[in-house]
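Summary of structural features
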Amino acid sequence: MAISSATKHAFKSILVGLPKPCGGEYGKFFSLPALNDPRIDRLPYSIRILLEAAIRHCDNFQVTESDVEKIIDWENTSPKQAEIPFKPARCILMDNTGVPAVVDLAAMRDMMPKLGCDPYKINPLIPVDAVIDHAVRVDVARSCDALDRNQELEFDRNRERFAFLKWASTAFHNMQVFPPGSGTVHQVNLEYLARVVFNEDGIMYFDSVVGTDSHTTMANCLGVAGWGVGGIEAVVAMLGQPMGMVLPGVVGFKLTGRLRDGVTTTDLVLTMTQLLRKHGAIGKFVEFYGVGVGELSLPARATIANMSPEYGATMGFFPVDQVTLDYLKLTGRSDETVSMIEAYLRANKMFVEHHEPETDRVYSSYLELDLSEVEPCVAGPKRPHDLVPLKEMKSDWHSCLNNKVGFKGYAVPKEEQGKVVKFDFHGQPAEIKHGSVVLAAICSSTNTSNPSVMIGAGLVAKKASELGLEVKPWIKTSLTPGSVVTSEYLKHSGLQEYLNQQGFHLAAHGCATCVGNSGDLDECVSAAITENDIVAAAVLSANRNFEGRVNPLTRANYLASPPLVVAYALAGTVDIDFDKEPIGVSKGGKEVFLRGIWPSDQEVEQVIKSSVQTQMFRQVYESIMKRNPRWNELPVPEAALYPWDPNSTYIRKPTYFKDMSMSPPGPPTVKEAYCLLNLGDSITTDHISYSGKIPDGTPAARYLRECGVDPKNFSSYGGRRGNNEIVMRGAFANMRIVNKLLDGQAGPWTIHVPTGEKLYVFDAAMKYKSEGHDMVIIAGAEYGSGSSRDSAAKGPMLLGVKSVIAKSFERIHRSNLVGMGVIPLCFKAGEDADSLGLTGRERYTIGLPTNIAEIRPGQDVTVTTDDGKSFTCTLRLDTQLELAYFNHGGILPYMVRNLAEQAK
């Protein structure tokens, strides 16, 4: 729905026509300049998009004139945490996180007839695009048939899940599903789906998007306002309901200068990530401006926008300029469409000319970076904002070996640090040691959307091959770009041949190693690592390197540009100083240094100009829906209601709506609750809801065995998120999670406090539930950082967790907890579990009123323990709408009751 009723619209007076240069008009639009309010000229561009959306949807019911005024007065209202409604123009779904959202949608449709309502009331009212992009595990690598073999294996494993999504594309209006092998949702969004400006039913408006992955922000590089949400929030948006949000602060990030020759965009974004984490960007928009922005290509901006979640921001926004328009043309958007976009943006004062004097915009805080000061770097070994300049990598690695166990430490005894493990690799002598690279992956839409670094990687491979350098065969190498177009230009340039020679064969188009689908290492390599307690390394061109995410056996994981991924694979170790030590020896016996195979910017640019062509984008996307023959032949049921299979282990009807009445249950009580886990800082959604392979012997594996599933078909936790039986068994299943109740031991276990038993977290939770006990989780700062997956909220809720008490929450995860009816509480500033003397062995009572009318957003809440402690927390229900969700037991019951009530 593009607009509220135009005939009674509160802002009808500023709805004006936009003329075409040769007569006629493109359409009508709400003109922000026509408001004649000087405050608008001072607003950040990103806030103006929120303003236009509020004006367009203003019906004085869901969106009011008061909401519009709050946004116009952003300079004063944002510091006061003002609440506004927001209706995005469209929604995108990625595979693993999108399936649960569609399952919820199907279950809601099922509920409607039982409440005496038309099931077709459950239909998306905005465009929804789903891309099956996580169905890629790198089982086969370093082989010319890797792509087809991996796709075949994944189709066999995920046929049922794929069939469900194909059914959804026919059963729901406004929903389009891209087949497996189409690429990642973010790259498809960038190259094809993003409109920048909509022109629907004669009304023009800004493109905006929410998506079920935190890296939805990638579209910010096109001037599209968008961010990641959990699947449950996505359902709200799909059904045309406003999303409640706190009007964000905006960090103004000024860029000057230009990158030096040989410095990549990856180096820049990793530098920015560290700067913004230090500055503080959680819950804020970041808006880039200054002459330095004009020096960045659109793909470079895409890399920066993509990593918004890693620097903590809701968005990393680039206003539209000529570079944006040129990219739209390059990727196949028509000249007429691009002309319309430019005309609309200029008319609404949203088009930027970087060479012109800057207007007097106001930001909440400011940062500045001279691009010429950025230097080559990597990030790791466990967090994306732990920057390591390349020249300091060797010394930093040795510090990590020495340091106590933590984000920058492994506590390897001095006498063990130099040990070398020799083993037989299929008849060939091989060896590894601490820091040996065993996995190197060019992956993730963060970097594979950027021709400069992809061509750079190809040129490094070419130069290395010509000198006779080779990657060791026991290093698992792979190339999984997020776009089919990337494969096309690598092939056209002739560089794919050289990448193949170094083992970087095309293995998939989609999310693979970057999301934990790296596949198994060779058995002999795995044995050498595990039997000798080797701290092995992975180097990948992704955005996240949380411990346990990339591969269970790579305890050190470094983010790097694609050309550096190739370089580290050639070196075979992260324990190297590239300036002083050779990367290898040529076939002529000469030492080869990294600088000898590193391409110049001019070399890279020449290949880009000759190989990245508009026709490639057009040809790929014209045929994208029919490229996968397995998908084309997949039969699906023709029914409005999904025929749930009670024996399915992939798609199961959720139990949220079982025995649901039309009356909301009200706020829950939390009395004498046991602590299920006591956790530290930076617990990610990878820790909370693991995506990787399901190991035998775990609660999820036991369940699948009971269902008759052969262990070879267990697949991954992520692939089975359409089944809540797996979601709850996958909660806190990460082998690297550290629980203080276990005295620092890592793994998916906890202590059942009454008995002192060490149990899997799932088993302990079921024991507490059977005994009738409530549960809470204690955590440190940045709880829930990382992916937007709502399974990280669903899993704990299904286990019976009533509240999470943390020092701070990552934005999306806090919202997801609220959406599932779990109470988020924050310790007061300067306090945490340790300072309050909490061990996690106490029992907790939360003093929250049982009458929703007595609860207000952000109020103080007293928590008491059975051993006499008492402390005050801040209730992180941030808006009145969140209070309403909480009163109903979560977003989904709220939505069903509201839609049923409207239908009467």
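Note that the structure is predicted; figures quoted are calculated from it, not measured. (Residues numbered from 1 in each chain as written. Predicted model: local features only at pLDDT ≥ 70, side-chain atom pairs only at ≥ 80, totals over all residues. Heavy atoms only, no water.)

In space, the four strands of this open sheet follow the order β14-β13-β12-β15, with parallel pairing throughout. Of all the strands in the sheet, just β14 (315–317) and β15 (365–370) have a single pairing partner and so form its edges. Averaged over all pairs of adjacent strands, the angle between strand axes in this sheet comes to 20°, irrespective of strand direction. As defined by bridge partners, strand β13 (residues 285–289) adjoins β14 across three bridges and the pair is classed as parallel. Bridging from a neighbouring strand, Phe-285 pairs with Met-315 of β14. Packed onto the sheet, helix α2 (residues 45–56) meets β12 (250–256), β13 and β14 and runs at close to 125° relative to β13. (Pairing = 2+ DSSP bridges. Helix = DSSP H or I, 4+ residues; strand = E, 2+ residues; numbered from the N terminus. Axes fitted to C-alpha atoms, helices over the stretch in contact; angles between N-to-C directions. Contact = heavy atoms within 4.5 Å.)

In this structure, Ile-529 sits in helix α18 (residues 523–532). For Ile-529, a relative accessible area of 4% corresponds to the buried category. The spatial distance from the C-alpha of Ile-529 to the C-alpha of Val-438 is 9.6 Å, given a sequence separation of 91 residues. Each residue touching Ile-529, except ones within four places of it in the same chain, is listed here: Ile-432, Val-438, Leu-521, Ile-534, Ala-536 and Leu-553. (Buried < 20%, exposed > 50% of the residue type's maximum accessible area, 1.4 Å probe, protein only.)

Quantified by volume, the largest pocket comes out at close to 1200 Å³. For the largest pocket, the lining is made up of 45 residues, of which Glu-547, Asn-734, Met-735, Arg-736 and Ile-737 are closest to its centre. Partitioning the lining of the largest pocket into residue classes produces 18 nonpolar, 17 polar and ten charged. Here the second largest pocket defines a volume of roughly 930 Å³. Taken together, 33 residues form the lining of the second largest pocket, with Ser-297, Asn-450, Ser-452, Glu-605 and Ile-608 sitting closest to its centre. It is helix α20 (residues 601–611) that provides the largest number of residues to the lining of the second largest pocket, a total of five residues. (1 Å grid on protein atoms, 1.4 Å probe; cavity = no way out; pocket = protein on both sides within 12 Å on 5 of 7 lines; lining within 4 Å. Points joined across faces, edges and corners; volume = space filled by probe spheres on them. Nonpolar A, V, L, I, M, F, W, Y, C, P; charged D, E, K, R; others polar.)

Attention now goes to the nonpolar core. Among the nonpolar cores identified, the biggest contains 281 residues, and Tyr-568, Leu-676, Phe-732 and Tyr-783 are the most heavily contacted of them. Of all the elements, helix α5 (residues 95–114) adds the most residues to this core, at ten residues. In this structure Phe-732 touches Leu-677, Leu-679, His-687, Ile-688, Ile-737, Pro-748, Val-761, Ile-777, Tyr-783, Pro-796 and Leu-799, once residues within four positions along its chain are discounted. In this structure, Ala-673, Ala-833, Ile-846 and Leu-883 belong to the second largest nonpolar core, which totals 24 residues. (Core = buried A, V, L, I, M, F, W, Y, C linked by side-chain atoms within 4.5 Å.)

This part takes up the packing of aromatic side chains. Considering all chains together, one arrives at 28 aromatic pairs under this definition. Their ring planes at 70° and their centres at 6.3 Å tell us that Phe-423 and Trp-474 sit as a pair that is edge-to-face. Separated by 51 residues along the polypeptide, Phe-423 in strand β18 (residues 420–425) and Trp-474 in the loop between α15 (451–466) and β21 (476–480) bring together distant segments of the chain. With respect to burial, Phe-423 and Trp-474 carry one shared label: buried. Site record: aromatic cluster; members linked through ring pairs are Phe-164, Trp-167, Phe-172, Tyr-642 and Trp-644. For the cation-ring pair, Arg-595 lies above Phe-593, with the distance from its terminal atom to the ring centre recorded as 4.5 Å. (Phe/Tyr/Trp six-rings, centres within 6.5 Å; stacked < 30°, edge-to-face > 60°. Lys NZ or Arg CZ within 6 Å of the ring centre and 35° of its normal.)

Okay, helix α16 (residues 484–493) next. Within α16, burial applies to Val-484, Val-485, Thr-486, Ser-487, Tyr-489 and Leu-490. You can read the cap of α16 off the contacts: a side-chain oxygen lies 3.0 Å from the backbone nitrogen of Val-485, and it is on Ser-483. Taken from the residues just after α16, Gly-494 is the one with a positive phi, measuring 85°. (Polar contact = N/O pair within 3.5 Å; in protein donor to acceptor, adjacent residues only side chain to side chain.)

The next thing to look at is the sheet that holds strand β8 (residues 203–206). The sheet built from four strands is open, its strands ordered β1-β2-β8-β7 with mixed pairing. The two strands at the open ends of the sheet, each matched to only one other strand, are β1 (15–19) and β7 (197–200). Here the strands of the sheet are splayed against their neighbours by 35° on average, with no regard to which way each runs. For β7 and β8, the ladder comprises four bridges, and the chain directions are antiparallel. Its bridge partner lying in β8, Val-197 is registered against Phe-206. Sheet strands touched by α2: β2 (25–30) and β8. Its angle to β8, the strand with the most contacts, is close to 145°.

What follows covers the packing of α16 against helix α21 (residues 614–622). A pair of packed helices is captured by two measures, namely the crossing angle of their axes and the spacing between those axes. Axis separation between α16 and α21 bottoms out at 9 Å; the angle between their running directions is 135°. The orientation of α16 with respect to α21, classified from their angle, is oblique. Note that α16 runs across α21; the crossing there is right-handed. Counted together, Val-484, Val-485, Glu-488, Tyr-489 and His-492 of α16 and Met-616, Phe-617, Val-620 and Tyr-621 of α21 form the full contact between these two elements. Its residues assigned to classes, the contact of α16 with α21 comprises seven nonpolar, one polar and one charged. (Parallel < 35°, antiparallel > 145°, perpendicular 65-115°, else oblique. Left-handed = near helix turned anticlockwise from the far one by under 90°.)

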